[in-house]
Amino acid sequence: MTACGTLTARLGDISFLNCAPIRWGLADSGAVHDVDLVSAAPERLAARLLSGDLDISPISLVRYLRHADDLYVLPGLGISSDGPVRSCHIVSRDPLEDLDGREVALSDASRSTTLLARMLLEDAIGVRPVYRTLRQDVEGMLKTARAAVVIGDDALRLQADVPRGLTVHDTGAMWRNWTGLPMVFAVWAARREFAQARPDVVREVRAALLDAVGRARSHPEEVAAAAAREARSGRAGALGTPVLLDYYRALDYSLGERQLAAIQEFAARAAARGEVPGPVSARVPVHAPALGG
Ligand SMILES: C=C(O[C@@H]1C=C(C(=O)O)C=C[C@H]1O)C(=O)O
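Residues numbered from 1 in each chain as written. Predicted model: local features only at pLDDT ≥ 70, side-chain atom pairs only at ≥ 80, totals over all residues.

Identification of the protein chain as Chorismate dehydratase from Streptomyces venetus is taken from an unreviewed UniProt entry. Of the comments in the UniProt record for the protein chain, the one headed Pathway (unreviewed entry) reads "Quinol/quinone metabolism; menaquinone biosynthesis." (UniProt positions renumbered as here; feature names shortened; annotations may be inferred.)

Draft legend 1. Focus on the site of the ligand. Taken together, 18 residues are adjacent to the ligand, and Ser-60, Ser-87, Ser-110, Thr-113 and Phe-185 come closest. Of all the elements in the fold, those that place two or more residues in the shell around the ligand are helix 4 (112-125), helix 6 (152-160) and strand 10 (183-191). Here the shell around the ligand is composed, by residue class, of 10 nonpolar, 7 polar and 1 charged. Taken domain by domain, the makeup of the shell around the ligand includes at least three residues from each of domain 1 (4-80 + 184-244 + 251-282) and domain 2 (88-179). (Near = placed C-beta within 6 Å. Helix = DSSP H or I, 4+ residues; strand = E, 2+ residues; numbered from the N terminus. Nonpolar A, V, L, I, M, F, W, Y, C, P; charged D, E, K, R; others polar. Domains from an automatic or database assignment.)

Draft legend 2. Region of the structure containing the domain arrangement of the protein chain. The assigned domain composition of the protein chain is domain 1 (4-80 + 184-244 + 251-282) and domain 2 (88-179). Taken together, the contacts link 21 residues of domain 1 with 13 residues of domain 2. At the level of elements, helix 2 (42-50), helix 3 (61-66), strand 10 and helix 12 (257-272) are the ones that each hand at least two residues to the side of domain 1 that touches domain 2. Classifying every residue of the side of domain 1 that touches domain 2 by side-chain character gives 12 nonpolar, 3 polar and 6 charged. (Contact = placed C-beta atoms within 7 Å.)

Draft legend 3. Main features of the packing of helix 4 against helix 7 (residues 171-179). Put simply, helix 4 and helix 7 touch, their axes get as near as 10 Å, and they point 45 degrees apart. What the angle tells us is that helix 4 and helix 7 run oblique. Relative to helix 7, helix 4 is oriented so that their crossing is left-handed. Contact with helix 4, carried on its side by Thr-113, Leu-116, Ala-117, Leu-120 and Ala-124, involves Thr-171, Met-174, Trp-175 and Trp-178 of helix 7 and no other residues of that element. Tallied by class, residues from the contact of helix 4 with helix 7 come to 7 nonpolar, 2 polar and no charged. (Axes fitted to C-alpha atoms, helices over the stretch in contact; angles between N-to-C directions. Parallel < 35°, antiparallel > 145°, perpendicular 65-115°, else oblique. Left-handed = near helix turned anticlockwise from the far one by under 90°.)

Draft legend 4. Local environment of the environment of Thr-241. Mapped onto the elements, Thr-241 comes out in helix 11 (residues 241-250). Each C-alpha atom of the pair Thr-241 and Ala-225 lies 5.2 Å from the other, and the pair is 16 residues apart in sequence. Once you skip the residues sitting within four places of it in the chain, Thr-241 turns out to touch Ala-224, Ala-225 and Ala-228.

Draft legend 5. Local environment of the nonpolar core. Membership of the largest hydrophobic core comes to 98 residues, with the highest contact counts inside it found for Leu-61, Val-187 and Ala-189. Two domains each put at least three residues into this core: domain 1 (4-80 + 184-244 + 251-282) and domain 2 (88-179). Not counting residues within four places of it along the chain, the set of residues in contact with Ala-189 comprises Leu-49, Ser-57, Ile-59, Tyr-64, Leu-71, Tyr-72, Val-73 and Leu-74. (Core = buried A, V, L, I, M, F, W, Y, C linked by C-beta atoms within 7 Å. Buried ≥ 20, exposed ≤ 12 C-beta atoms within 10 Å, placed from the backbone.)

Draft legend 6. How the structure looks around unusual backbone geometry. In this structure, Arg-86 is a non-glycine residue whose phi angle is positive, near 80 degrees. Within the secondary structure layout, Arg-86 lies in the loop between strand 4 (71-81) and strand 5 (88-92).

In structure tokens form, the structure reads like this:
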């Protein structure tokens, strides 16, 4: 990044391992010193972005679709998987077909995966569970519920070491089997006001993020090793380099035609359920307009 030193932006950073490659890339280029990086769980970041407390941040797809009028999506950046994602799951004690009328706990940390899981259970599997939103804590959630929808490091750890009596259903894989499409869990967005007032900053930050993704892609071993160190120092438990290498092979930070088509499909299904406002076409970033100025 060239000029960001004088153009500081408050940039959100998902404090999960899913964004460790971005952190690694921003540190590798030095761009991390040009932004005010705020690390937090996705829902906290979304609240801060929408309240004007952050300028640019990753935001769950569902939150974006609900607030598209106030946001500008940074072209070419997202968090998706074309098949298994490894960190967004329905963790169940029972076969999913048996969850009709039973309690399914939804993590309060997620908006995209929880809605995706409800679509999958109701429309793909054909069951009508009773949902309860709870703080993300798998053990606690499964005290009363038969299944739990969880994301992030907790979910990644679960699939790396599945506890006895539980089955992990990867929602990225389920969505892909159902629709043939990748699942876009999150995008990067700027507040529209900010993007209009400071298109130069948004362009610089976008370039820095794309550069960070590219750097991380060229150094998979180093990124996975750095993330493994992060995992040991955080709540993520023992996630080693091989697991994380696999994880970052599954995660895709691009936002191309295929991902945009996937957003369109997810948004249409979400709108049909009344979960996001229509018309969907106005909310989906179908093209990648360059910011003026
Ligand atoms: C892949 C992930 O993507 C995400 C899933 C989100 C959601 O379900 O709402 C939100 C932001 C991302 O962190 C993950 O959290 O594991």
